[in-house]
Amino acid sequence: MANVVVVGAQWGDEGKGKIVDWLSEQADVVVRFQGGHNAGHTLVIGDKVYKLSLLPSGVVRPNKLSVIGNGVVLDPHALASEVERLGEQGVSITRENLRVAENATLILSIHRELDALRESGSAGTKIGTTKRGIGPAYEDKAGRRAIRLMDLADLGSLPEKIDRLLTHHNALRRGFGLDEFKPEAIYEELASVAPKVLPYMDAVWRLLDEQRRAGRRILFEGAQGALLDVDHGTYPFVTSSNTVAGQAATGSGLGPGAVGYVLGIAKAYTTRVGEGPFPTELFDETGELIGQKGKEFGVVTGRKRRCGWFDATLVRQTVRTSGIDGIALTKLDILDGFETIRIGVGYRLDGETIDYFPASQGAQARVEPIYEDFEGWSGSTAGARSWADLPAQAIKYVRRIEELIGAPVAVLSTSPERDDTILMKNPFEG
Ligand code: IMO
Ligand code: MG
């Protein structure tokens, strides 16, 4: 039995939450390994809807261990309030079912402010971030001045660490013409939130190694998508972490062999939130219709998502950069009733035809998609639970996608409901 990593194969919002929740039935441990509370994962269980940003999607199920790995940037206030909110929904979170890596980097209010400040700047510097402080926190991690969860357990050592952090941040603040931060305010912020998050702290690398040796099955839950990866995505319009599957190992403290099967999640069309290139984007009523039918509004920020056709060139590329073994294709039902469905199969760039997404920002903005037109289906795929329930033409669409991206569809999701899922291949069976 393999472990499984679930990663987004587009620009995020592919429906990872539902798939992770559905797979978590077979898992013992669910691990987040990158990103932070910029993620928005919606789980629909019976008549209850849970919206998670930071906690692994396994927390809503009994007897699962949820783990936040070292690769995550952790806003302690966000963690405390998500735990509280779930408590109100009847989900109890204790050290029994949640552990957080002692070496996870903390997001502080100075990071949130800086993120928002940069986003309010001139249009050229705008990324369209979630303003959660994700980027600035990762910068401090790489800059070796971050405050980490374990530092909250040693309040005596904090003032020195805060000074080190502020040497950098106050210089930035002066550059923006803003007041400097007071070290005491940051100390107070951290000291007051510490008791709410320290109970979950653990040496996650060791815990996961023990779990693994004991034969317990681990499900790694990616946030964002491969096209938002800081190396492989549409840089600079990306998030600040590696979102590809390889990060599951680094971001949780295990070796690459622990990761197992890579399940990429892709929507039957494409969406994107924030700035950046999007070759198959639709600016017409078809795009509007997809957005309405698909309820394409951000879970975290409420922003309207940009919508467009499925871009097979992009997903073919993420299949490679993440080593995707199989795809979970979601929201096929949103395409029900369209007369013609288009699939992006390649690009034209400066008069040439190419079969990949170029790396440079300029070229990414210039490519024009080459489409294959596909006849739609009149029947409904919504809620289908077996292959036989699908219109023949919808099956053809899925088969064509498989051919174009070079990976099989292992799972087909036909509604937000947990049970409206068709399984072609069980990822845990490797
Ligand atoms: P889930 O897990 C979609 C996007 C932001 C912005 C860029 C950088 O729900 O799929 P950041 O705040 O991370 O520095 O923003 O990344 N972004 C997401 N888009 N889904 C997400 O997460 C996202 N998390 C970040 O919109 O363009
Ligand atoms: Mg999202």
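Rules of the game
Residues numbered from 1 in each chain as written. Chains lettered and ligands numbered in written order. Predicted model: local features only at pLDDT ≥ 70, side-chain atom pairs only at ≥ 80, totals over all residues. Heavy atoms only, no water. Near = heavy atom within 4 Å. Polar contact = N/O pair within 3.5 Å; in protein donor to acceptor, adjacent residues only side chain to side chain. 1 Å grid on protein atoms, 1.4 Å probe; cavity = no way out; pocket = protein on both sides within 12 Å on 5 of 7 lines; lining within 4 Å. Sits in = over half its atoms within 2 Å of the grid points. Nonpolar A, V, L, I, M, F, W, Y, C, P; charged D, E, K, R; others polar. Salt bridge = Lys/Arg side-chain N within 4 Å of Asp/Glu carboxyl O. Helix = DSSP H or I, 4+ residues; strand = E, 2+ residues; numbered from the N terminus. Buried < 20%, exposed > 50% of the residue type's maximum accessible area, 1.4 Å probe, protein only. Points joined across faces, edges and corners; volume = space filled by probe spheres on them. Axes fitted to C-alpha atoms, helices over the stretch in contact; angles between N-to-C directions. Parallel < 35°, antiparallel > 145°, perpendicular 65-115°, else oblique. Left-handed = near helix turned anticlockwise from the far one by under 90°. Contact = heavy atoms within 4.5 Å.

Visitor: Mind showing me how you'd approach the site of ligand 1 here?
Guide: In the vicinity of ligand 1 there are 20 residues, among which D13, K16, H41, T130 and T239 approach most closely. With respect to ligand 1, the backbone of D13 contributes an N or O atom lying 2.8 Å from an oxygen atom. Interatomic distance of 2.6 Å between a side-chain N/O atom of T239 and an oxygen atom of ligand 1. In this structure, ligand 1 is accommodated by the largest pocket. Residue composition of the shell around ligand 1, by class: seven nonpolar, ten polar and three charged.

Visitor: Is there a simple way to think about the pattern of salt bridges in this case?
Guide: Side chains that differ in sign of charge can pair as their charged atoms come close. For the structure shown, the criterion picks out 25 salt bridges. Taking the shortest distance from any N to any O, the salt bridge between R399 and E402 comes out at 2.8 Å. Pair noted here: R399 and E402 are both in helix 12 (residues 392-405), with a separation of three residues, about one helical turn. Looking at R399, the relative accessible area reads 36%, which means it is partly exposed. Exposure remark for E402: the relative accessible area of 14% places this residue in the buried category.

Visitor: Where do I start with empty space enclosed by the protein in this structure?
Guide: With a probe scaled to a water molecule rolled over the atoms, the places where space remains empty come into view. If you walk through the whole model with that rule in mind, you get one cavity of 30 Å³ or more. There is about 50 Å³ of room inside the largest cavity. Elements with a minimum of two residues in the lining of the largest cavity: helix 3 (109-119) and helix 5 (158-175). Top element by residues in the lining of the largest cavity is helix 3. It accounts for four residues. In terms of residue class, the lining of the largest cavity is made up of five nonpolar, one polar and two charged.

Visitor: Please explain the packing of helix 3 against helix 4 (residues 134-142) as it appears in this structure.
Guide: The description of two packed helices rests on the angle between their axes and on the distance between the axes. At their nearest, the axes of helix 3 and helix 4 sit 7 Å apart, and the two run at 120 degrees to each other. Taken together, the axes of helix 3 and helix 4 lie oblique to each other. Seen along the crossing, helix 3 lies across helix 4 with a hand that is right-handed. Contacts between helix 3 and helix 4 involve H111, L114, D115 and R118 from the first element and I134, P136, A137, E139 and D140 from the second. In the contact of helix 3 with helix 4, the residues fall into four nonpolar, one polar and four charged.

Visitor: Looking at this structure, how should I read the layout of surface pockets?
Guide: Space inside the largest pocket adds up to approximately 840 Å³. In terms of lining residues, the largest pocket is bounded by 41 residues, among which I127, T129, T130, V238 and T239 are the most central. Per-element tally for the lining of the largest pocket: the top contributor is helix 4, with six residues. Residue composition of the lining of the largest pocket, by class: 16 nonpolar, 15 polar and ten charged. Its volume calculated, the second largest pocket comes out at about 670 Å³. If you go around the second largest pocket, you meet 27 residues; those closest to its centre are T42, G294, K295, K331 and P416. Within the residue set of the lining of the second largest pocket, elements represented by two or more residues are helix 1 (16-24) and strand 3 (41-45). Classifying every residue of the lining of the second largest pocket by side-chain character gives five nonpolar, eleven polar and eleven charged.

Visitor: Before we go on, may I ask you to explain unusual backbone geometry in this structure?
Guide: Excluding glycine, a negative phi dihedral is what most residues carry, and trans is how most peptide bonds are arranged. Cis rather than trans, the peptide bond between Y235 and P236 has omega equal to 5 degrees. Along the polypeptide, P236 turns up in the loop between strand 10 (218-221) and helix 8 (247-250). In the Ramachandran plot, Q224 falls in the positive-phi region, its phi being about 60 degrees despite a non-glycine side chain. Mapping Q224 onto the fold places it in the loop between strand 10 and helix 8. Its identity as a non-glycine residue notwithstanding, K295 has a phi of 50 degrees, on the positive side. Mapped onto the fold, K295 is located in the loop between helix 9 (285-293) and strand 13 (306-308).

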